[in-house]
Amino acid sequence: MSLIFREYIGEEIAGVLDDLARLRVRVFRDWPYLYDGDAEYERGYLSRYAKGDSIVVAAHAGGGMVGAATGMPLSDHADDFAAAFEGTGIDMKDVFYCAESVLLTGYRGQGAGHAFFDRREAHAKRLGFGKVAFCGVVRPGDHPARPEGYRPLDGFWRARGYAPLDGVVAHFGWRDIGAAEETDKPLQFWMRTVP
């Protein structure tokens, strides 16, 4: 089934928060996030996107949302990321943050990854941002839950012009599936200039 993409900007995002929350909980249960989340928490977390210059690029198929990618000015995440960018000389006000990208497994391989980045980068350009960044969780190569044959997305990201920012690592805590307590995870930032 082919994917249909739609963009939601600012306050329009409020209408898709429930779908986005459900997708995040479902997709982030998989490697490498292993996130044991719940939709109610996710909806509260995501509510910050339903304003201003934020964007959700949604992938629809069969009448429902099967994937989505979010983005907003990095300065709107200053409380979360200021420590990671401290001392880099990078002005957070010049960076657009491509946050989550989630897609149900059965819809992968149809170009959604490129569509998600293309549309968020175009939005960043329209807003006048000079740089685009995202971060991804870093797990040890010998982690017991790592699926055999897992191929990280580093090659895809590099082909799009992104490179890891040396030493720019954020830390977030969440409870892994099967874990009793929340633990901090490192998230490596990647960046490129706006195309």
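Here we summarise the structure given alongside this text. All residue numbers refer to position in the chain's written sequence, counted from 1. Reporting in this predicted model follows two pLDDT cut-offs: at least 70 for local features of residues, and 80 or more for side-chain atom pairs to be given and counted; totals over whole chains, interfaces and linings ignore these cut-offs and use all residues. No hydrogens and no water enter the side-chain calculation; it runs on all heavy atoms of the structure.

Elements are defined by DSSP. Helices are runs of H or I of four residues or more, strands are runs of E of two residues or more, and each kind is numbered from the N terminus. The helix and strand inventory of the protein stands at five helices and seven strands. With the radius of gyration taken over C-alpha atoms, the globule rule is written as 2.2 Å times the number of residues to the power 0.38. For the protein, the C-alpha radius of gyration of 16 Å lies close to 16 Å, the compact-globule estimate for 195 residues. In terms of principal-axis extent, the alpha carbons of the protein reach across some 45 × 40 × 35 Å. Taken across its 195 residues, the protein has 45% of its residues classed as buried. Note on contacts: a residue pair qualifies if any of its non-hydrogen atoms lie within 4.5 Å across the two residues. Within the protein, contacts between residues separated by at least 24 positions form 74% of all contacts whose residues are at least 6 apart in sequence. Between the averaged position of the 23 positive side-chain charges in the protein and that of its 28 negative side-chain charges there is a distance of 6 Å. The buried label applies to any residue whose accessible area, calculated with a 1.4 Å probe on protein chains only, is under 20% of its type's maximum; exposed applies above 50%, and partly exposed to all values in between. When charges are counted, neither His nor the chain ends are considered; positive counts come from Lys and Arg and negative counts from Asp and Glu. Every charge is mapped onto a representative atom, which is NZ of Lys, CZ of Arg, CG of Asp or CD of Glu.

Along strand 3 (residues 64-73), nine of the ten residues are buried, which leaves the element largely enclosed by surrounding structure. Two strands form a pair only when DSSP identifies at least two bridges running between them. Pairing of strand 3 with strand 4 (residues 95-103), which is carried by six bridges, proceeds in the antiparallel orientation. Looking at the pairing, A68 lines up with V102 of strand 4.

With that settled, consider the packing of aromatic side chains. Ring geometry is summarised as follows: Phe, Tyr and Trp rings, the Trp one being its six-membered ring, pair when their centres sit within 6.5 Å, and such pairs are stacked at plane angles under 30 degrees, edge-to-face over 60 and tilted between the two. Counted according to the given criterion, the structure contains 18 aromatic pairs. Relative to F189, the ring of Y97 has its centre 6.2 Å away and its plane inclined at 45°; by these criteria the two rings are tilted. With Y97 in strand 4 and F189 in strand 7 (residues 182-193), this residue pair connects regions lying 92 residues apart in the sequence. Like F189, Y97 is buried. Taking 5.1 Å as the distance between ring centres and 65° as the angle between the ring planes, the aromatic pair formed by W157 and W190 counts as edge-to-face. Linking W157 in helix 5 (residues 154-159) with W190 in strand 7, this pair joins segments that are 33 residues apart in sequence. Of the aromatic side chains, those joined through ring pairs into one cluster are F117, F134, F156, W157, Y162 and W190. Two thresholds decide whether a charge sits over a ring: the Lys NZ or Arg CZ must be within 6 Å of the ring centre and within 35 degrees of the ring normal. Note that R120 overlies the ring of F117, its terminal NZ or CZ placed 4.7 Å from the centroid. Between R192 and the ring centre of Y162, over which it is positioned, the NZ or CZ distance is 5.9 Å.

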